[in-house]
Each structure stands twice: as C-alpha cells, then as structure tokens.
Amino acid sequence: MGTNQTRRKFIKTGLALSAAGLVSSTGIKPAFGQEEPKVVYRTLGKTGLKVSGVGYGIGFVPIPEVVNKALDMGINYYDTSRVYGDSEKIFGDIIKKRDRSKLVIATKSGSRRKADILKDIDTSLKSLGTDYVDIYHLHARDTPTAIPDEALEAVHEIKKSGKARFLGFSCHDPNRMVDFHIENKFDVIQTTYSYAIGGFYRDKAIKKLSDAGVGIIAMKVVVALTGLNLQNLDNPVTKKGDGPLAGIKWVLNNPAIGTTVPHMKTIPELEMNFRAMAEPYTPADEKMLYVMNEQIRPSYCRMCYQCSGVCPKGMPVTDVLRFLAYNDYCGNYHQARMSFMELPKEVQSVRCSDCTTCAIKCPNGVNVQARLIRAQELLA
Ligand code: SF4
Ligand code: SF4
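Residues numbered from 1 in each chain as written. Chains lettered and ligands numbered in written order. Predicted model: local features only at pLDDT ≥ 70, side-chain atom pairs only at ≥ 80, totals over all residues. Heavy atoms only, no water.

A. Looking closely at the site of ligand 2. Around ligand 2, the surrounding shell consists of Cys-311, Pro-312, Lys-313, Met-315, Val-350, Cys-352, Cys-355, Cys-358, Ala-359, Gln-369 and Leu-372. Classifying every residue of the shell around ligand 2 gives 9 nonpolar, 1 polar and 1 charged. (Near = heavy atom within 4 Å. Nonpolar A, V, L, I, M, F, W, Y, C, P; charged D, E, K, R; others polar.)

Laid out in structure tokens, this is it:
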C-alpha cells in the first residue's frame, strides 16, 4: 500500500517536473505522432548546479562518437573516475574543443591516504585537461571506516584550493552512510537507486539526504533491465529495449534525484535513455518493470545488505554478486574481473561449490550459492 502510494506520488511529481524543466533542442527524430524529446535540467541539491536528468557514466572505455552525440544533445553531466583505466584521458580528449563552462564534470579517487588523494586530483585534472572538476568523489565508500580522517582532510583541502567545486562520495547503500555524509559536510552523494534495487530500501535515506540539501546522483539505474541475461527467454519487453527507458523514468520520478549516470555504448541506447527525461512514467511502465523485476529475482542482487547468516569463510557476498552483475547485466567482463581480482587472495580462492549448503539466505529470492559459484567460475 505504502509503496503504491509512493509510486502514484512519483508519477504525478514526475509529470510536473518535466513540464517545469528547462529544455533545449536535441535533433532526435521524434517517434510518429510525438514531439521531439527535450533535455530536462534539474537542480543538484544545494550545489545549485543545473544538470541534465540523464547524465553520462563515462565508464572504463567511453566511445567518442556516443559521448560527442550526448554533448551535442545537451547532456551536461559526465561522471568518471581515476580508477576507470584511461577513462579520464579519453574523455578529456573528447571535450578539448568544448566549452568547459557548460559541462558539469565529476571524477573520483579510490585512494584512502591523504597524500594519494592529493596526487589523484592532480592526475585527474591533467588527464581531463581542466583546472577544476565540479564534483570530486571518494570512490565506493560503503562504510564510514572507508573514509578515514586523513581522506576527509584531503578532500576538504581540495575544495578549498578550488580544484573541486563540490565534494561527494559514491556508495552502494546510502542507509549506512547518510549520517556520516551529513555530519562531514559533503555536498552530493552518488548511490545505487533503481526499480530493481528498490526504493523501499533506500527511500528513507534518500529523503533525509534530500531534506539536508544534498545533491543526489543515482547510479546502477538500469543495470538489471538491459535484459542481457534474459535473451533466451520469451521476453518481448526486453527485446524491445524498453526496460532501461522505463527504469530511468522511474528513477527520475523521484524529485529528490538530481541526475543519473547510465553508461551508454551506442547512439540508439543514448537516444532511448534521453527520451526518459521527457516522457512521463506511466502505469504501463510500472507493469513492465514489475514483470522484469520478477524475472531477474533469482539472479540479481539488490545490494540491500539484508542477507541473513554469516559465511564461515568470510565471503563478501554482496560485493561478489555486484561484480558478477557487471558482467551479467552490464556486459562488462573487464570491470567484473578487475573488481574480483582486488579481493583478498584468501577470498578469491574460496569455492562455494565445496559447501553442501550456503549459510547465507536472501529474503529477496536471490539464489546466493548458485550465483557465487558462477562468479568464481567466471572471474577467479
Ligand atoms: S543477496 Fe539478497 S539480501 Fe543479500 S544484499 Fe543481495 S539482494 Fe540483499
Ligand atoms: S556457499 Fe559456503 S563459502 Fe560460499 S558464501 Fe555460502 S557459506 Fe560461504
């Protein structure tokens, strides 16, 4: 009941937001009988930054043709990281001839020590070919201990120096980080938020952050909806590729969300995501997402951290299932394998096929042991 009421409220709010947003022409050919879709800008919390509702997750290997098209269409939010290989350099080359002042650029540091973070920002600025980033994140901080005092000192020093206008961190579960975020005066947060991951687990934290004026960037917004692992099923919905479109519309129906950072590899994918800014979230979208969500239930970990039980071998279940999702749902074996290889050696060598039964139970219906076995076969 509560969830349905929230959905209805989002649908209404989303319509109003689209109507009220700033728009510009894109050149996308409109579907028959429809108007040309427009880019819609939203305000990123108290930073006051005007960002396109669909931003761009640059990822490990950005495709220049697709990024250039996004720039031409008016998408102005671009997210990368020092830990994404050559991503910053490739993106920096793409934007060389663009008006820097019209772009909102975010990058991240994966380091924890002050000296390393201060070195990372300089390397990032050089790679990006700019003398400041709009947002500087600490990358993947899922517990307060992942941000020691010296890391806090470093990022606040970076902001003071003008190398970054605003500060944030990325995390996979905002519930565990909301108070830490507010207490330590970060400006934005980048966190997982999607229909599949479930507003239910995250809405309270998102609201608290939003009420505090924090700009919220949603990631993993369509990860589970690409249908990559559903290709052999009789599933016309995913074959049409409408899942990601509906998924982004669902996310943007929450007015607390400032922008989203889907990674886009092709122009059709970009154009489809782009439409999500202009089109209303409908009951048909809701129905489709519900059906797809049920289909992926046994295999897609929602990163809710609600597993019961403790693995006697110290397996970080949620992390490993997330790495597997990089391959199975994003088609990114490279990221999946690299993430897995960063686990401690003793964890990498665990084989879940050696257990008769798994100590971990998932209330969301994920077949934990089978998924971990697949991760180890594929990534170890
Ligand atoms: S395995 Fe299940 S309970 Fe554990 S984090 Fe994933 S979805 Fe949540
Ligand atoms: S199958 Fe065994 S080793 Fe793997 S997570 Fe479950 S309890 Fe741990």
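B. Fine view of the sheet that holds strand β3 (residues 56-57). Ordered by their spatial adjacency, 8 strands build an open sheet running β3-β4-β5-β6-β7-β8-β9-β10, and the pairing between neighbours is parallel. Whereas interior strands pair on both sides, the edge strands pair on one side only; in this sheet they are β3 and β10 (257-260). Looking at chain direction, strand β4 (residues 77-79) and strand β5 (residues 104-109) are connected through 3 bridges and run parallel. What sits directly across from Asp-79, in β5, is Ala-106. Contacts from helix α4 (residues 114-128) reach β5 and β6 (133-138) within the one sheet, and its direction differs from that of β6 by about 140 degrees. (Pairing = 2+ DSSP bridges. Helix = DSSP H or I, 4+ residues; strand = E, 2+ residues; numbered from the N terminus. Contact = heavy atoms within 4.5 Å. Axes fitted to C-alpha atoms, helices over the stretch in contact; angles between N-to-C directions.)

C. Quick peek at unusual backbone geometry. Located in the positive-phi region is Ala-140, a residue other than glycine, with phi close to 55 degrees. Tracing the sequence through the fold places Ala-140 in the loop between β6 and α5 (149-161). One non-glycine residue, Tyr-305, lies in the positive phi region at around 60 degrees. Turning to its location among the elements, Tyr-305 is positioned in the loop between α11 (283-296) and α12 (317-328). The exposure class of Tyr-305 is partly exposed, given its relative accessible area of 23%. (Buried < 20%, exposed > 50% of the residue type's maximum accessible area, 1.4 Å probe, protein only.)

D. Spatial organisation of the pairing of β6. Burial within β6 is extensive, with 6 of its 6 residues counted as buried. After leaving β5, the chain enters α4 and then returns to the sheet as β6, a path that is right-handed. The sheet contact formed by β6 and strand β7 (residues 164-171) spans 5 bridges and is parallel. Pairing of Leu-138 across the sheet is with Phe-169, part of β7. (Right-handed = clockwise from strand over helix to strand, strands pointing away.)

E. A look at the packing of aromatic side chains. Using the criterion set out here, one finds 9 aromatic pairs in the structure. Summarising the aromatic geometry, the rings of Phe-169 and Phe-186 are spaced 5.0 Å apart at their centres and angled 85 degrees between planes, so their arrangement reads as edge-to-face. With Phe-169 in strand β7 and Phe-186 in the loop between α6 (178-183) and β8 (188-192), the pair connects residues that are 17 residues apart, well separated along the chain. Under the relative-accessibility criterion, Phe-169 is labelled buried at 0%. Residue classification places Phe-186 among the buried positions, given a relative accessible area of 3%. What links up through ring pairs into an aromatic cluster is the set Tyr-56, Tyr-78 and Phe-91. Stacked on the ring of Tyr-132, the Lys or Arg Arg-100 has its end atom at 4.0 Å from the ring centre. (Phe/Tyr/Trp six-rings, centres within 6.5 Å; stacked < 30°, edge-to-face > 60°. Lys NZ or Arg CZ within 6 Å of the ring centre and 35° of its normal.)

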